[in-house]
Amino acid sequence: MLERIREGSQGPWAMAIIALIVLSFVFAGVGSYLTSSGTTAVATVNGEEISAQELERAYQNQRAQMESQFGESIAQLFSSEQYLADFRRNVLDRLIAEKLIQQQAQDMGLRVSDEQIRETIVQMPEFQFGGQFDNERFQAILRQNGFQVADFRNYLRTQMTQNQLTAALTNSAFSLDGEVELANALQRQTRDAKYAVISSSAFADSVEVTDADVEAFYNNNIASFDTEEQVKLAYVKLSVDDLKDRVSVDEQAVRTYYDNNINSYGKEEERRVSHILIDAGDDADAAREKAQALKAELDNGADFAALAEANSDDTFSAENGGDLDFITPEMMDPAFDEAAFGLENVGDVSDVVETEFGFHIIKLTELREAQIKSFDEVADEIRDTLLYDAAMEKYFELQNTMAEIAFEVPDTLEDVANAVDLPVQESVLFSRNTAPVELSSPAVLDAAFSSQLVDEGLNSDIIELDDENIVVVRVTEHLPQRTQSLDEVREGIEASVKADKAKEAAEAWAFDIAQQVRAGESVDDALAAKSVTWETVQAVPRAGGTLARAIVDTLFSLALEGEKKVDVATTVNGDVAVVELEAVNAAPVLDAELGESLKQRLAQMQGQRVYQQYIEALRAKADVTVSAAL
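Residues numbered from 1 in each chain as written. Predicted model: local features only at pLDDT ≥ 70, side-chain atom pairs only at ≥ 80, totals over all residues. Heavy atoms only, no water.

Details of the environment of A196
(1) Moving on: Within the secondary structure layout, A196 lies in strand β5 (residues 190-198).
(2) Moving on: A sequence separation of 383 residues divides A196 from V579, and the C-alpha atoms of the two residues are 6.8 Å apart.
(3) Moving on: In this structure, A196 is in contact with L527, V532, T533, W534, V576, A577 and V578, ignoring residues within four places of it in sequence. (Helix = DSSP H or I, 4+ residues; strand = E, 2+ residues; numbered from the N terminus. Contact = heavy atoms within 4.5 Å.)

Set out below in structure tokens:
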């Protein structure tokens, strides 16, 4: 079973999942996944904590993705406290589900070998140049995020182990031919109908809005008339990028840096190795003895590739005689790495090496020696490095200046701005949930809405946005949270109440028309009195048509016989329609290509249901505690 799961983790679906993981790593930084500062846990799952930082990072990432995809429309939703709370809880539920899957994968003994880790890394497009894995690019990206190869390898191992179980669950689902036929019959069925639409505005003049109606609406929806606390900020922002134009680097400094760090500009030694893996399984001693026996055969002249193909438990490399392609230092398990790079000559074979995955015998098959890049090749890179270092030095110098002046002259930012030759910028009024992007960090918001800035009118301390950006802020305008008075919102309430009453009147009229149609009575005069006519449509599809969604949903809920032949639909814009079903058109015959596509979609849907049910079952028997503060 585990072998089948392992094989499944090598497929295109698994690699797609890994690609998503890597995108998160490249753009958000591995550090955001691997580090925590020990803050109070927001949840515990079978004794393992989910920290507040983990939740905040996952929330910010998910929100950023949605805002990028849907724009301002989704940003308006986030202004609702209830939506925000529900959204954060959903994010936490997802983190809990991931933790449960990780724990279950460990309990089942699922593992990912060093070879699989290596294969995944070399296939990641983020680490490739010209379609080939580029170790320098790989190392550079890790350095930019402040992590060693081992850290990323461990992170990737956790994710890939988890994904083995996820893939096994989602990819095991299937659909039967009968289910496909039924789905085709339902999804591609079309219907003929006639409908009459009337706008609720046609009844607006006939409804009356009283003071009692307005007061009742106000009292029943009082929470919706609460305003959020808002501030307007003046701020001075200092960025390392902005300082690069203020510093310079001479060519002699570039040459000196190269001479002093020449070993840093070498291409690492690469070794192509093959191996034979004997899985320790439940009997480590027996596995060790088998590995030693194979080593003895090799010492006596046996062919390494043939032994690997016949005996190695790493079936992926065994098919190629144990070949693992080229590796670089620290790419593999430490014990494996030490043995592989301890071999002196091409053709040398190691002794038996023990790792957490079993027992290895390693053969060196090709060697690429380390190379040093010329000064001209790296001069631009060094120049950028020195320029960055100079800007950082200037950055820390000006940071101290800003901190001192902001404290010494606390009632204005002009002196701070003049001292560092930067402008004083000003924001619009905003709440905690509608902050501009450049001021949306938790540290800025905590300061902006603090009594020190709001009540005392002081400058903030230096606030670090990230490693290369700081800001000093002060509140220039403050609007406290309050409940708007009835007089302030009366006009809007009257319009809402009038619209609701008009819609109710339109629905009552439409239901009366529908009842007459059911009774076989003529409704032509009633429709004409409202300047409404029947519209006829044919072959209306269940999805993808031009009719309003509410009309289509109502149409596909009707039956050709009995009273259910006609009904009323209310659209999102308040229009009301009487819908009558006239004919049901059978779905076209399912061709082979579309049938296979539909079969796959049904299987995917079933796989998602299985996965969700599995998560629910795990959570039901797990010890999950969620902080009461959420």
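So, the sheet that holds strand β14 (residues 425-426)
(1) Moving on: Spatial ordering of the open sheet is given by β14-β7-β16-β15, a layout of 4 strands whose pairing is antiparallel. On the outer flanks of this sheet lie β14 and β15 (463-466), each paired with one strand and no other.
(2) Moving on: Summarising the sheet, β15 and strand β16 (residues 469-479) pair through 3 bridges and their orientation is antiparallel. Note on β16: the bridge partner recorded for E464 is I470. (Pairing = 2+ DSSP bridges.)

Details of unusual backbone geometry
(1) Moving on: With phi around 50°, N46 is a residue other than glycine that occupies positive phi space.
(2) Moving on: Here N46 falls in the partly exposed class, since its relative accessible area comes to 42%.
(3) Moving on: A positive phi angle is found at A539, which is not glycine, with a value near 50°.
(4) Moving on: Checked against the element boundaries, A539 lands in strand β18 (residues 535-541). (Buried < 20%, exposed > 50% of the residue type's maximum accessible area, 1.4 Å probe, protein only.)

Some points on the confidence of the model for the protein chain
(1) Moving on: Averaged over the protein chain, the pLDDT score is 86; the fraction of residues at 70 or greater is 92%.
(2) Moving on: This stretch, residues 1-39, has a pLDDT under 50; its non-local contacts, to residues over four places away or in other chains, come to 65 contacts. (pLDDT = per-residue confidence, 0-100.)

Overview of the pairing of strand β2 (residues 48-51)
(1) Moving on: Strand direction decides the pairing type here: strand β1 (residues 41-45) and β2, joined by 4 bridges, are antiparallel. Bridging from a neighbouring strand, A43 pairs with I50 of β2.
(2) Moving on: Between β1 and β2, which follow one another and run antiparallel, lie 2 residues, and N46 among them has a positive phi close to 50°.

Comments concerning the sheet that holds β5
(1) Moving on: Across the sheet, which stays open at both edges, the 4 strands sit in the order β18-β5-β20-β19 with antiparallel pairing between neighbours. In this open sheet, the two edge strands, each paired with only one partner strand, are β18 and β19 (566-570). Strand-to-strand twist of the sheet, defined as the mean angle between neighbouring strand axes without regard to direction, takes the value 35°.
(2) Moving on: Pairing between β5 and β18: 5 bridges, direction antiparallel. If you follow Y195 over to β18, its bridge partner there is E535.
(3) Moving on: Along the sheet, helix α22 (residues 486-518) makes contact with β5, β19 and β20 (576-585), crossing β19 at roughly 165°. (Axes fitted to C-alpha atoms, helices over the stretch in contact; angles between N-to-C directions.)

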